[in-house]
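Residue strings, one per chain:
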Amino acid sequence: MSGVEPLGLADIFAARRRISAIAACTPLRRAEGLSDETASEMLLKLEMLQPSGAFKLRGAANAVLARMEEGPCEGFVTASTGNHGRALAYAARAVGKRAVVCLSDLVPQNKCDTLERIGAELDIGGASQDVATVRAMERAQDEGLFYVSPYDDSYVIAGQGTAALEIMLERPDVETIVVPLSGGGLAAGTALAAKTIKPSISIIAVSSDRGPAMLASLMAGEPVEIEEEPSLADSLGGGIGLNNRWSFDLVRQYVDEVRIFSDEEIAEAMRYLYESEKLMAEGGAAIGICAFQAADAEMPDGPVVMLLTGNAVDPAQFRAIIAGEWEPTARPASRATFPRRYFVGSSSDQSRS
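Residues numbered from 1 in each chain as written. Predicted model: local features only at pLDDT ≥ 70, side-chain atom pairs only at ≥ 80, totals over all residues. Heavy atoms only, no water.

Caption draft 1: The pairing of strand S2 (residues 42–46), seen in detail. For S2, the tally of buried residues reaches 5 of 5 residues, placing the bulk of the element in the interior. Residues of S2 alternate between two faces, with Met42, Leu44 and Leu46 on one and Leu43 and Lys45 on the opposite face, all of them buried. The pairing of strand S1 (residues 28–30) with S2 spans 3 bridges and is antiparallel. Along S2, the bridge assignment pairs Arg29 with Leu44. In the sheet, S2 pairs with strand S10 (residues 304–308) via 5 bridges, with the strands oriented parallel. Bridging from a neighbouring strand, Leu46 pairs with Leu308 of S10. (Buried < 20%, exposed > 50% of the residue type's maximum accessible area, 1.4 Å probe, protein only. Helix = DSSP H or I, 4+ residues; strand = E, 2+ residues; numbered from the N terminus. Pairing = 2+ DSSP bridges.)

As structure tokens, this is what we get:
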């Protein structure tokens, strides 16, 4: 990667040791119904069982603890759609420091309420996470806080990679990992760890079709901005930053393909997980199920692991989804369209619509 020191497997092992007192080693559970339906062994990495409720605790804890090793600091600040902010607040509280979380107006109220309960100081406003990020960086400079990116930070990426490290140590026979994709921190860490250990493994990144910034950037060959849209998978919203230093290059280097899905498909995946596996997952976590329930789905060979990344779902919305009463938000007529399936490293004419 240009301009930065490369990350490696040693950094992920170091993160694993560093965060062991804060983040959990989560279970890897067989999805019985989905395994029977697909005739493949389907496994679920239950990151929703992290103490903060999402995988983000791994990266946030690694960033906070690594920064504390360097010397005193006033506290931490970030921009977040909810889960990273919650993780940062949890980790900061563990070391007795402030955590300021900047959010856009698109973040659901239930996530704001949870952040406040953990002790985060909220700064809400703006139409996108890009706006919230600018505000977070300004507060870092003005108040002497340490800015922790949700995705484009070497310590965050190494921390997220510990989930894949646990998968590979427990099940070295896994052939495919399905990972949700937003700013790319989890996908980058997962792909780096898994591909370094087992180069033949396939990494499938999945995202919402409502503003998939990383997919748009991969197709353009560089980080780009796109318009955000309200989505059931709100945790996958936000851009990747035009000055992205880490996650874009790592995703481009190690992820094999990106698939995008509609809110209707994501709602069906949430309902399926609840009915078949008795799991309550937010849209950005359940999205991996879409890869094997869609009409155009292809069943991979060998064991498959899907990362179920979080459980921060609005109870009323979840009840409506389970009851079949939920309806998606209308989309603007001018919205951008993207290929449903994109092979990373290929030219756009090789992507499948």
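Caption draft 2: Summary view of the sheet that holds strand S3 (residues 75–79). Strand order in the open sheet formed by 4 strands is S5-S4-S3-S6, with parallel pairing between adjacent strands. What marks the edges here is a single partner per strand, and that holds for strand S5 (121–124) and strand S6 (146–147). Here helix H5 (residues 109–118) sits on the sheet and contacts strand S4 (98–103) and S5; the angle it forms with S5, its principal contact strand, is near 150 degrees. (Contact = heavy atoms within 4.5 Å. Axes fitted to C-alpha atoms, helices over the stretch in contact; angles between N-to-C directions.)

Caption draft 3: Region of the structure containing the pairing of strand S7 (residues 176–180). Of all 5 residues making up S7, 5 are buried, and the element is well covered by its neighbours. In this sheet, strand S8 (residues 202–208) lies alongside S7 in parallel orientation, the contact comprising 5 bridges. Residue Thr176 lies in a different strand from S8, and its bridge partner there is Ser202. Viewed along the sheet, the connection from S7 through helix H8 (residues 185–197) into S8 turns out right-handed. Where S7 meets S10, 3 bridges bridge the pair, whose relative direction is parallel. Residue pairing across strands places Thr176 opposite Val304, the latter belonging to S10. (Right-handed = clockwise from strand over helix to strand, strands pointing away.)

Caption draft 4: Layout of the pattern of salt bridges. Tallying each qualifying case throughout the model produces 25 salt bridges. With its nearest N and O atoms 2.9 Å apart, the salt bridge here joins Arg171 to Glu41. One end of the pair, Arg171, is in the loop between helix H7 (154–170) and S7; the other, Glu41, is in the loop between helix H2 (32–38) and S2, and 130 residues separate them in sequence. The residue Glu143 makes a salt bridge to Arg139 at a minimum N-O spacing of 2.8 Å. Taken together, the residues Glu143 and Arg139, both in helix H6 (residues 129–143) and 4 residues apart, mark about one turn of the helix. Look at the salt bridges and you will find they share partners, linking Arg98, Glu121, Asp123, Arg135, Arg139 and Glu143 into a network. (Salt bridge = Lys/Arg side-chain N within 4 Å of Asp/Glu carboxyl O.)

Caption draft 5: Broad picture of the packing of helix H1 (residues 9–19) against H7. Packing of H1 against H7 brings their axes to within 8 Å, and their N-to-C directions diverge by 90 degrees. Relative to H7, the element H1 lies roughly perpendicular. Between H1 and H7, the contacting residues are Leu9, Asp11, Ile12, Phe13, Ala15, Arg16, Arg18 and Ile19 on the first element and Tyr155, Ala158, Gly159, Gly161, Thr162, Leu165 and Leu169 on the second. Looking at the contact of H1 with H7 residue by residue, the class counts come to 9 nonpolar, 3 polar and 3 charged. (Parallel < 35°, antiparallel > 145°, perpendicular 65-115°, else oblique. Nonpolar A, V, L, I, M, F, W, Y, C, P; charged D, E, K, R; others polar.)

Everything listed here is a matter of geometry and, on its own, says nothing about what the molecule does.
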